[in-house]
Amino acid sequence: MLKFDSEKHQYYMEIPSVTQIIRSVVLPNQYDGVPQHILDKAAEWGTAIHDAIERDSSFMLDEEQTSIFNSYKKLVDEHHIKIIKKEQMVFYDGEIKYAGTYDCLADILGAKVLIDIKTTYKLDLIYLSYQLSFYAMAIPEKIDALYVLWLPKKGKAKFIKIDRVPDEILKETLKRYKESIC
C-alpha cells in the first residue's frame, strides 16, 4: 500500500512482515486464550536471550538465562555451526512484497542453512516452517536447509531440522494475505 508523508513530501510503501502474513493467513488464532501479560513476559525472556546470542556474551543475563545461553553455545559446537550473519533483514521483491529479519545464516559442514532461535515453551513447527521458508525465498542465494535452535526454559535445548514450505505455497499464501487486506 502506497502512503504519502506530507511533512517530508515523500511516498513510501507499507510492507507486511513475515509474522503479519503468517498470523493473518496461516495461524490467525495462534495465541488465542493466552493472556497478554504472559505473552509480554515470554517476549522479554526471549529478547534477552536473543540479544545475548547476537552479542555472543552472557553479560547482563541472570543465572537461569546464562544456563540457556550456555546450552546455545554447546549446540553450536556440537553441530559445527559457523555463523555467517546474524539478525539480517530480508526483502522479497515479488508481485506481493514482504520483509523480515532472520536470526542466523550459517555454514554447517559446507551447507548454507537458515537458523531460527526459539525460547518458547513449545515449538510451533508449522509457524517455523512458514517463517524460515519465507526468509529463504527472500534470500537470493541458495539455502540448503532450515533449522531451529530451541532453547526452552525447562527441558533440553535441541537443534531440529525444519521442513521447507514450497515457494508455490508461499506465493499462494501471499495472494491470500493480499485478498484479506483488500
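Above: the structure in question.
Computed from a predicted model, the values in this text were never measured in an experiment. (Residues numbered from 1 in each chain as written. Predicted model: local features only at pLDDT ≥ 70, side-chain atom pairs only at ≥ 80, totals over all residues. Heavy atoms only, no water.)

Draft legend 1. Inspection of the side chain of aspartate 116 at higher detail. Tracing the chain through its elements places aspartate 116 in strand 5 (residues 111-118). Side chain to side chain, aspartate 116 and lysine 118 meet in a polar contact 3.0 Å long. Residues within four places of aspartate 116 in sequence aside, it is in contact with Asp103, Leu128, Gln131, Leu132, Tyr147, Val148 and Leu149. (Helix = DSSP H or I, 4+ residues; strand = E, 2+ residues; numbered from the N terminus. Polar contact = N/O pair within 3.5 Å; in protein donor to acceptor, adjacent residues only side chain to side chain. Contact = heavy atoms within 4.5 Å.)

Draft legend 2. Here's a closer look at the packing of helix 2 (residues 36-55) against helix 3 (residues 63-78). Taken N-terminus to C-terminus, the directions of helix 2 and helix 3 make an angle of 50 degrees; their axes are 10 Å apart at the nearest point. Overall, the two elements helix 2 and helix 3 adopt an arrangement that is oblique. Here helix 2 runs over helix 3; the crossing is right-handed. Contact with helix 2, carried on its side by Trp45, Ala48, Ile49, Ala52 and Ile53, involves Glu64, Gln65, Ile68, Phe69 and Tyr72 of helix 3 and no other residues of that element. Partitioned by chemical class, the residues of the contact of helix 2 with helix 3 number eight nonpolar, one polar and one charged. (Axes fitted to C-alpha atoms, helices over the stretch in contact; angles between N-to-C directions. Parallel < 35°, antiparallel > 145°, perpendicular 65-115°, else oblique. Left-handed = near helix turned anticlockwise from the far one by under 90°. Nonpolar A, V, L, I, M, F, W, Y, C, P; charged D, E, K, R; others polar.)

Draft legend 3. A look at the nonpolar core. Counting 30 residues, the largest nonpolar core has Tyr98, Leu114, Phe134 and Leu174 as its most contacted members. Elements supplying a minimum of two residues to this core: helix 1 (18-26), strand 3 (81-92), strand 4 (98-108), helix 4 (125-138), strand 6 (145-150) and helix 5 (167-181). Among the elements that make up this core, the one with the highest residue count is helix 4 (nine residues). Setting aside anything within four residues of it in sequence, one finds leucine 174 in contact with Ile21, Tyr92, Ile96, Tyr98, Phe134 and Met137. Residues Ala52, Phe69, Tyr147 and Phe159 belong to the second largest nonpolar core, which totals 23 residues. (Core = buried A, V, L, I, M, F, W, Y, C linked by side-chain atoms within 4.5 Å. Buried < 20%, exposed > 50% of the residue type's maximum accessible area, 1.4 Å probe, protein only.)

Draft legend 4. Seen up close, the packing of aromatic side chains. Counted by the stated rule, this structure contains six aromatic pairs. Between the aromatic rings of tyrosine 92 and tyrosine 98, the centroid separation amounts to 4.9 Å while the plane-to-plane angle is 20 degrees, which identifies the pairing as stacked. Taken individually, tyrosine 92 and tyrosine 98 each receive the classification buried, so the pair is uniform in this respect. Between tyrosine 98 and phenylalanine 134 the ring centres are 5.1 Å apart and the planes differ by 70 degrees, which places this aromatic pair in the edge-to-face class. Taken together, the residues span a long stretch of sequence, with tyrosine 98 in strand 4 and phenylalanine 134 in helix 4 at a distance of 36 residues. Across the pair, exposure class does not vary: tyrosine 98 and phenylalanine 134 are buried alike. Within the aromatic cluster, the residues linked to one another by ring pairs are Tyr92, Tyr98, Tyr130 and Phe134. Taking the ring centre of tryptophan 45 as reference, the NZ or CZ of lysine 153 above it sits at 4.5 Å. (Phe/Tyr/Trp six-rings, centres within 6.5 Å; stacked < 30°, edge-to-face > 60°. Lys NZ or Arg CZ within 6 Å of the ring centre and 35° of its normal.)

Draft legend 5. Local environment of a nonpolar patch on the surface. A contiguous nonpolar surface patch, about 620 Å² in accessible area, is contributed by Leu2, Phe4, Tyr11, Met13, Ile15 and Phe91. Elements with a contribution of two residues or more to the nonpolar patch: strand 1 (2-5) and strand 2 (10-13). Positionally, isoleucine 15 belongs in the loop between strand 2 and helix 1. We classify isoleucine 15 as partly exposed; its relative accessible area is 35%. (Patch = residues over 30% accessible without salt bridge, like charges linked within 9 Å, V, L, I, M, F, W, Y side chains within 5 Å. Areas by Shrake-Rupley, 256 points an atom, 1.4 Å probe, with all protein chains shown as cover. Salt bridge = Lys/Arg side-chain N within 4 Å of Asp/Glu carboxyl O.)

Draft legend 6. Seen up close, helix 3. With 16 residues, helix 3 should cover 22 Å at 1.5 Å per step; its first-to-last C-alpha distance of 23 Å lies within 8% of that length. Among the residues making up helix 3, those that are buried are Gln65, Ile68, Phe69, Tyr72, Leu75 and Val76. The arc that holds the buried residues of helix 3, viewed along the axis, is 115 degrees, so those residues lie on one side. More than 90 degrees from the buried face of helix 3, the exposed residues found are Glu63, Lys74 and Asp77. Buried residues along helix 3 sit against helix 2, strand 3, strand 5, strand 6 and strand 7 (158-162). Once helix 3 finishes, histidine 80 follows within two positions and takes phi at roughly 55 degrees, a positive value. (Expected span 1.5 Å × (residues − 1). Arc of directions from axis to C-beta.)

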